[in-house]
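Architecture and fold: a report
The primary structure of each chain is shown beneath.
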Amino acid sequence: MSNTQKNRITVDIFGTQYVILGTESKDHIRHVASLVDKKMREISSKNPGLDVSKLAVLTAVNAVNDYLIIKDELEQRKTEQQNEKE
């Protein structure tokens with residue numbers, strides 16, 4: 001068993017209530033839910049005919065794409081810093 005405190009919070013994402021359980025702060029969980037909701041609304045406004053399942057998948061694809069771009073940039077900066085130290 002873990003001694004880590006888990007926070008339970010109800011959030012609204014694209015008109016649906018979700019109970020999120022996580023070790024992050026409630027403010028962090030709210031912020032993440034807000035960003036997901038915002039991205040879903042953004043994609044939905046450009047593609048109003050999408051059903052919620054397809055909208056959720058496109059939102060996930062966008063989020064992972066953004067994550068990978070940022071991760072690659074971070075790795076590149078780390079490599080540049082290592083090269084500067086040598």
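None of these values were measured; they are calculated from a predicted model.

1. A word on the packing of helix 1 (residues 26-46) against helix 2 (residues 52-85)
Interaxial distance between helix 1 and helix 2 falls to 9 Å at its minimum, and their mutual angle equals 115°. In terms of orientation, helix 1 lies roughly perpendicular with respect to helix 2. Considering how the two elements wind past one another, helix 1 and helix 2 form a crossing that is right-handed. On helix 2, the residues touching V36, K39, M40, I43 and S44 of helix 1 are L55, A56, L58, T59 and N62.

2. Considerations on the nonpolar core
By size, the foremost hydrophobic cluster in this structure holds 8 residues: I9, V11, I13, I29, A33, M40, I43 and L55. If you list the elements that add at least two residues to this core, you get strand 1 (7-13) and helix 1. Tallying contributions element by element places helix 1 first for this core, with 4 residues. Those residues within four positions of L55 in sequence are excluded, and the remaining contacts are F14, M40, I43, S44 and L50.

3. With respect to a nonpolar patch on the surface
A cluster of nonpolar residues, V64, Y67 and L68, forms a patch on the protein surface that exposes about 290 Å² of accessible area. Relative to the assigned elements, Y67 resides in helix 2.

The rules we used
- Residues numbered from 1 in each chain as written.
- Predicted model: local features only at pLDDT ≥ 70, side-chain atom pairs only at ≥ 80, totals over all residues.
- Heavy atoms only, no water.
- Axes fitted to C-alpha atoms, helices over the stretch in contact; angles between N-to-C directions.
- Helix = DSSP H or I, 4+ residues; strand = E, 2+ residues; numbered from the N terminus.
- Parallel < 35°, antiparallel > 145°, perpendicular 65-115°, else oblique.
- Left-handed = near helix turned anticlockwise from the far one by under 90°.
- Contact = heavy atoms within 4.5 Å.
- Core = buried A, V, L, I, M, F, W, Y, C linked by side-chain atoms within 4.5 Å.
- Buried < 20%, exposed > 50% of the residue type's maximum accessible area, 1.4 Å probe, protein only.
- Patch = residues over 30% accessible without salt bridge, like charges linked within 9 Å, V, L, I, M, F, W, Y side chains within 5 Å.
- Areas by Shrake-Rupley, 256 points an atom, 1.4 Å probe, with all protein chains shown as cover.
- Salt bridge = Lys/Arg side-chain N within 4 Å of Asp/Glu carboxyl O.

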